[in-house]
Amino acid sequence: MGTFFTTYGFLIVSMLLGAMLGLSLYLPLMTGQLSLASPGFYALGGYIAAILSTTVFQQTGGLFPLPLLLVEMIIAGAVSGLLGILVGVPALRLRGIYLAIATIAFVEILRVLSLNLDITGGAVGIFGIPQPFGTPIDYLWIVLPLLLVSMAILYRLERIRVGRAFAAIRADELAADAIGINPTFYKVLAFTLGAILAGVVGAVSAHFLNTWNARQGTFDAGIIYLTSVLIGGSRTFVGSVLGGMVFTALPEVLRGMATIQGLPVWLAQFLRDGRLIIFGLLIVVGTIFFPQGLVTPELLKRWRKGDRTSV
Amino acid sequence: MDLTLFLQQFLNGLSIGSVYAIFALGYTLVFSILGIINFAHGAVFTLGAYFTYALMGGAFGFNGLLANARIPVQLPFAVALILGSTLAGLVGVMVERVAFLPLRRRNSDPLLTVVSSLGAAVAIANIIQYLVGAEIYTFPANTYGNLPAAINFGTADQQIPIRTVQIVIFVVAVAIVSLLTYLINFTKFGKAMQAVAEDATTSSLLGIDTDRYIVLTFFVSSFLAGLAGSLVGSSVSIAGPYFGIAFGLKGLAVIVLGGLGSIPGAVLGGFMIGLVEAFVPGDFSAYKDAVAFAILFVMLLVRPQGLFGRRLIEKV
């Protein structure tokens with residue numbers, strides 16, 4: 001078991017981070033808003049942590065203190081949340097594909113800024129971000145509680161008034177408005193919660209990856225997380241969590257499969273170099289055959305009832 | 001800015017703008033008929049550039065499955081351009097069959113179609129990378145035959161040199177826009193297409209083979225993407241398998257600016273973005289790529305339907 005964790009530590013932590021990024025995309029989707037802004041907030045959070053830990057909180061030797069990491073996470077979440085409100089209030093007047101395009105523009109503007117500003121290290125980015133832990137798997141100490149807390153919040157959120165309002169807006173915004181739910185307020189709230197989560201995850205990821213540059217949090221990343229949410233299941237947060245994990249692991253799993261003994265050379269080579277082709281095709285096939293995603297609320301209900309119904 | 005520099009940048013802008021216009025026309029055609037953005041459009045753009053390059057007898061580098069392979073024939077640029085774009089058009093038809101048709105049959109959420117077209121884009125870009133590697137490919141220097149390298153528009157002491165390729169691109173763009181305008185407004189194909197764009201169900205009840213026109217639209221759209229890709233490739237170079245993704249995003253800015261689904265909008269939007277980019281001052285040239293998106297963002301907030309778009313109808 002010990003060797004398993006050291007071998008796959010990096011992958012396991014990446015999967016949990018992927019699950020949270022899935023959730024950050026799922027939050028605006030709870031109100032029916034297709035937003036691809038998460039990678040932008042993720043990149044922003046990462047830059048905040050990277051800049052703070054390499055300049056302001058500079059340490060000499062030893063591991064980076066955990067409390068400082070928590071401070072960075074709070075700052076990253078707060079800044080992302082504020083920017084989320086600033087962008088969200090005007091942008092959320094748009095719907096569907098128009099909102100998606102506006103958020104793509106937002107992410108691209110952030111990317112170009114980070115490529116050209118001095119403080120973000122330009123194209124090279126920021127190097128040697130100090131580590132709070134000795135090995136990748138130790139990041140579970142921070143990532144696992146974070147994921148559990150986010151999941152607990154979402155579990156509650158889907159059952160209280162706010163969550164009901166989200167669902168009502170998703171089902172029919174005009175009807176929701178007519179019965180006294182303020183769509184703008186709840187849409188901005190959902191968007192901002194997603195932004196905060198993405199910013200916090202970015203702060204952790206910057207330390208985890210040790211380096212941060214403009215390639216983090218681009219449009220491509222947005223596609224991958226959108227895919228994981230829609231194929232995992234966009235009607236319940238469980239789907240986003242599972243989807244985020246599966247789609248983060250998938251390229252690595254395919255790479256691992258390439259090393260299986262006895263495979264024909266061409267197949268091994270294809271699994272190694274062509275795994276993103278498989279990824280792309282899976283996205284197409286997934287949307288065709290699992291339009292509701294793999295995990296649906298009905299499926300969860302069936303699991304919960306368990307044996308009583310299956311007999 | 002003195003007049004010489006102004007003219008030079010203006011002509012540069014026209015040339016870049018014409019490629020944006022050709023590319024965006026294809027984007028907007030599919031949107032007008034299906035109401036969906038085809039995110040694989042940028043990948044087809046890249047593919048078109050590779051097709052044209054290969055048909056001209058260009059060799060592929062050391063990486064990828066096709067390392068050092070080349071097509072035995074060497075076609076002249078104009079022929080390769082048309083054949084390459086046609087091949088891109090056929091790939092577009094394949095994308096429609098695989099990523100759009102099954103979802104349309106199932107009456108799926110349009111959002112899912114967006115995602116499946118993204119999946120197709122990822123697959124195409126990576127198939128390219130798998131086959132020919134991620135290197136940059138430069139079109140042969142004699143691409144434009146015996147044409148002079150640059151044409152001077154100024155006088156002997158006030159030179160305004162313009163590269164021939166830029167003029168070729170502009171001429172092709174004007175020809176394409178005129179041809180497409182004629183096709184859509186004055187032919188049976190165009191009338192049927194407009195009918196399908198207006199209301200697919202009603203037009204199929206009236207005896208129009210909707211499916212056929214959707215396929216044709218995809219062909220024309222992807223042909224235009226391939227053409228744009230080949231022209232950019234011949235003017236700069238093919239910058240790897242992901243070459244078209246960034247271009248595709250900028251194309252989004254163009255069609256939103258012009259109005260989604262509007263053909264004059266796509267043309268005007270293309271030239272506007274091209275010209276604005278050309279006039280970004282040298283000191284800020286690094287931010288050039290953000291300009292299109294800033295314009296897009298502002299446009300969405302001020303007038304989401306774009307310059308020529310129809311006001312969005314709220315369904316109650």
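Scroll up to find the structure.
Residues numbered from 1 in each chain as written. Chains lettered and ligands numbered in written order. Predicted model: local features only at pLDDT ≥ 70, side-chain atom pairs only at ≥ 80, totals over all residues. Heavy atoms only, no water.

### Let's talk about the packing of helix α5 (residues 140–157) of chain A against helix α8 (residues 183–209) of chain A
All names here are of chain A.
Turning to step 1, where the next piece is worked out: Packing of α5 against α8 brings their axes to within 11 Å, and their N-to-C directions diverge by 170°. As summarised for this structure, α5 and α8 are arranged roughly antiparallel, according to the angle between their axes. Residues Ile142, Val143, Leu146, Ser150 and Leu157 of α5 lie in contact with α8, whose contacting residues are Leu193, Leu197, Val200 and Val204.
Turning to step 2, where the next piece is worked out: Residues that form the contact of α5 with α8 fall into these classes: 8 nonpolar, 1 polar and no charged. (Axes fitted to C-alpha atoms, helices over the stretch in contact; angles between N-to-C directions. Helix = DSSP H or I, 4+ residues; strand = E, 2+ residues; numbered from the N terminus. Parallel < 35°, antiparallel > 145°, perpendicular 65-115°, else oblique. Contact = heavy atoms within 4.5 Å. Nonpolar A, V, L, I, M, F, W, Y, C, P; charged D, E, K, R; others polar.)

### Observations concerning empty space enclosed by the protein
Turning to step 1, where the next piece is worked out: On inspection of all chains with the given rule, the structure shows 3 cavities of 30 Å³ or more.
Turning to step 2, where the next piece is worked out: Here the largest cavity is characterised by a volume of approximately 90 Å³.
Turning to step 3, where the next piece is worked out: Forming the boundary of the largest cavity are A:Phe219, A:Ile223, B:Tyr27, B:Phe39, B:Gly42, B:Leu118, B:Ala121, B:Gly244, B:Ile245, B:Gly248 and B:Leu249.
Turning to step 4, where the next piece is worked out: Counting residues per element, the ones that place at least two in the lining of the largest cavity are α9 (219–232) of chain A together with α4 (110–132) and α9 (243–258) of chain B.
Turning to step 5, where the next piece is worked out: In terms of residues, the lining of the largest cavity owes the most to one element, α9(B), which gives 4 residues.
Turning to step 6, where the next piece is worked out: For the lining of the largest cavity, the per-class residue count stands at 8 nonpolar, 3 polar and no charged.
Turning to step 7, where the next piece is worked out: As a volume, the second largest cavity reaches approximately 40 Å³.
Turning to step 8, where the next piece is worked out: Lining the second largest cavity are A:Leu21, A:Ser24, A:Leu25, A:Ser38, A:Pro39, A:Tyr42, A:Ala221 and A:Tyr225.
Turning to step 9, where the next piece is worked out: Where the lining of the second largest cavity is concerned, the elements lending two or more residues are α1 (2–30), α2 (38–56) and α9 of chain A.
Turning to step 10, where the next piece is worked out: Tallied by class, the residues present in the lining of the second largest cavity amount to 6 nonpolar, 2 polar and no charged. (1 Å grid on protein atoms, 1.4 Å probe; cavity = no way out; pocket = protein on both sides within 12 Å on 5 of 7 lines; lining within 4 Å. Points joined across faces, edges and corners; volume = space filled by probe spheres on them.)

### Section: the packing of aromatic side chains
Residues and elements named next belong to chain B.
Turning to step 1, where the next piece is worked out: Under the counting rule described, the total for this entry stands at 29 aromatic pairs over all chains.
Turning to step 2, where the next piece is worked out: Consider the rings of Phe6 and Phe10, whose centres lie 6.3 Å apart with planes at 15°: the pair is stacked. Of this pair, Phe6 and Phe10 both sit in helix α1 (residues 3–34), separated by 4 residues, roughly a single helical turn.
Turning to step 3, where the next piece is worked out: What makes Phe6 partly exposed here is its relative accessible area of 37%.
Turning to step 4, where the next piece is worked out: A residue is classified by how much of its surface remains accessible, and Phe10, at 31% relative accessible area, is partly exposed.
Turning to step 5, where the next piece is worked out: On the basis of an interplanar angle of 45° and a centroid distance of 5.2 Å, the ring pair of Phe45 and Phe243 is categorised as tilted. Of this pair, Phe45 sits in helix α2 (residues 41–55) while Phe243 sits in helix α9, placing them 198 residues apart in sequence. The same class applies to Phe45 and to Phe243, which are both buried.
Turning to step 6, where the next piece is worked out: Just above the ring of Tyr213 sits the side chain of Arg212; from NZ or CZ to the centre is 5.3 Å. (Phe/Tyr/Trp six-rings, centres within 6.5 Å; stacked < 30°, edge-to-face > 60°. Buried < 20%, exposed > 50% of the residue type's maximum accessible area, 1.4 Å probe, protein only. Lys NZ or Arg CZ within 6 Å of the ring centre and 35° of its normal.)

Interpretation note: all reported values are geometric properties and have no functional meaning in isolation.
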